[in-house]
Amino acid sequence: FAWEPEKGSHIGVMRRDAGVDTIRWFTTDPCYVFHPMNMWEDGDKIYVDVMQYDTAPLFPFADGTPQKTKPRAHLVRWTFDLAGKSDTIKREALDDMGAEFPRFDERRAGLSYRHGYFAGRADENDGLGEGFDAIAHIDHATGKKVVHAFGTGNITSEPVFVPRSSGAPEGDGWLLQTVYRAAENRSDLVVLDATNITAGPVAVAELPRRVPFGFHGNWAQGF
């Protein structure tokens, strides 16, 4: 793998009920994405919310030289206009916090939605390296973002949304995330109220050991 920004970025859109001959290629300035938050279609437009990097953070250039900077991802909305004459992706920044691991109420997967969550950096100078010290909630209906910071030396993982009940409104539930307590070299499972994360944890399961950093988790009901 190598980062070749001179080639730009290309995203193919293909009909779900047809073959590869229906692919339409859209282009945009060089960027890189590991994780989307959600995506949906509305009429002739497709909207995709992603954590966008300006450069690919883990890959060297094609000649083998490493990149000198370590970019941060930010939440960006991509719009694909299937009825338009242009094959250029419209990009709209939704937030400027350095962040990753976006999640949402997955009952809205592939549908328009209101509430999104992600791990972010409340303090860019806290010496955490690549870690994240906060959880953020963004309300796409209002554009408002609120943040719960765990404090210096505490590194959080991806938030996982758990609905309060099967019939609860979108976003009504809990966020679960593990938090590494560096000073004690162990981890906690922290539960936040997804509708009021600034109030702080509603429950904490103190673990005697460190949970190694991973990528993704999910909630399974009834086990």
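Structure shown above.
Residues numbered from 1 in each chain as written. Predicted model: local features only at pLDDT ≥ 70, side-chain atom pairs only at ≥ 80, totals over all residues. Heavy atoms only, no water.

Some details on the nonpolar core
Applied cut-off: Nine residue types can take part in a nonpolar core, namely buried Ala, Val, Leu, Ile, Met, Phe, Trp, Tyr and Cys, and a core is a set of them joined through side-chain atoms within 4.5 Å. A 1.4 Å probe rolled over the protein chains alone gives each residue an accessible area, and that area as a share of the maximum for its type sets the label: buried under 20%, exposed over 50%, partly exposed in between. Starting at the N terminus, helices and strands are each numbered in turn, a helix being any DSSP run of H or I of at least four residues and a strand any DSSP run of E of at least two.
Met37, Met51, Leu75, Tyr113 and Phe118 are the most contacted members of the largest nonpolar core, which has 15 residues in total. Breaking this core down by element, the ones donating at least two residues are strand E3 (32-42), strand E4 (45-53), strand E7 (99-104) and strand E9 (134-139). In terms of nonpolar packing, the next biggest core, distinct from the first, is built from 13 residues, Tyr117, Ile135, Phe161 and Leu175 among them.

Things to note about the side chain of aspartate 139
Threshold: Whenever a nitrogen or oxygen atom comes within 3.5 Å of another N or O atom, the pair is scored as a polar contact, on the condition that within protein one atom can donate a hydrogen and the other can accept it, and that pairs from neighbouring residues in sequence are kept only if both atoms are in side chains. By the convention used here, residues are in contact when the closest approach between their heavy atoms is within 4.5 Å.
As for its position among the elements, aspartate 139 is in strand E9. A relative accessible area of 10% places aspartate 139 in the buried class. At a separation of 2.9 Å, a polar atom in the side chain of aspartate 139 contacts the main-chain amide nitrogen of alanine 141. Not counting residues up to four positions away in its chain, the partners in contact with aspartate 139 are Arg114, His115 and Lys144.

Here we look at the sheet that holds E3
Worth spelling out the cut-off: Note on pairing: two strands pair once DSSP finds at least 2 bridges between them. All axes are obtained by fitting lines to C-alpha atoms, using only the stretch in contact for helices, and the reported angles, taken between N-to-C directions, cover 0 to 180 degrees.
A sheet is described by the order of its strands in space; here 4 strands give the open sequence E3-E4-E5-E6, paired in antiparallel fashion. Edge positions in the sheet fall to E3 and strand E6 (90-93), since each of these pairs with one other strand and no more. Direction aside, neighbouring strands of the sheet carry axes that sit 25 degrees apart on average. For strand E5 (residues 74-81) and E6, the ladder comprises 4 bridges, and the chain directions are antiparallel. Looking at E6, one finds that tryptophan 78 is bridged to arginine 91.

A short note on the pattern of salt bridges
Stated precisely, the cut-off is as follows: Here, a salt bridge means any side-chain nitrogen of Lys or Arg that lies within 4 Å of a carboxyl oxygen of Asp or Glu.
In the structure shown here, the tally under the stated rule is 15 salt bridges. Across the pair glutamate 41 and arginine 16 runs a salt bridge, and its minimum N-O distance is 3.1 Å. With glutamate 41 in strand E3 and arginine 16 in the loop between strand E1 (9-13) and strand E2 (24-28), the pair connects residues that are 25 residues apart, well separated along the chain. The class for arginine 16 is exposed, based on a relative accessible area of 77%. Close ionic contact of arginine 164 with aspartate 193 constitutes a salt bridge, the shortest N to O distance being 3.8 Å. Of this pair, arginine 164 sits in the loop between strand E12 (160-163) and strand E13 (173-181) while aspartate 193 is found in strand E14 (residues 186-193), placing the two residues 29 residues apart along the sequence. We classify aspartate 193 as buried; its relative accessible area is 17%. A cluster of three or more residues bridged by salt bridges with shared partners is formed by Arg181, Glu184, Arg186 and Asp188.

Looking at the packing of aromatic side chains
Spelled out, the test is: Pairing of aromatic rings covers Phe, Tyr and Trp, the last counted by its six-membered ring, and requires centre-to-centre distances within 6.5 Å; plane angles under 30 degrees mean stacked, over 60 mean edge-to-face, and any other angle means tilted.
Tallying each qualifying case throughout the model produces 11 aromatic pairs. Here phenylalanine 34 and tyrosine 53 contribute two aromatic rings whose centre-to-centre distance is 5.8 Å and whose plane-to-plane angle is 90 degrees, an arrangement assigned as edge-to-face. Of this pair, phenylalanine 34 sits in strand E3 while tyrosine 53 sits in strand E4, and the two are 19 residues apart along the sequence. Note on phenylalanine 34: relative accessible area 33%, which makes it partly exposed. A residue is classified by how much of its surface remains accessible, and tyrosine 53, at 9% relative accessible area, is buried. Connected via pairs of aromatic rings, a cluster forms that spans Phe1, Tyr32, Phe34, Tyr53 and Phe59.

Don't take any of this as a statement about function, it's just geometry.
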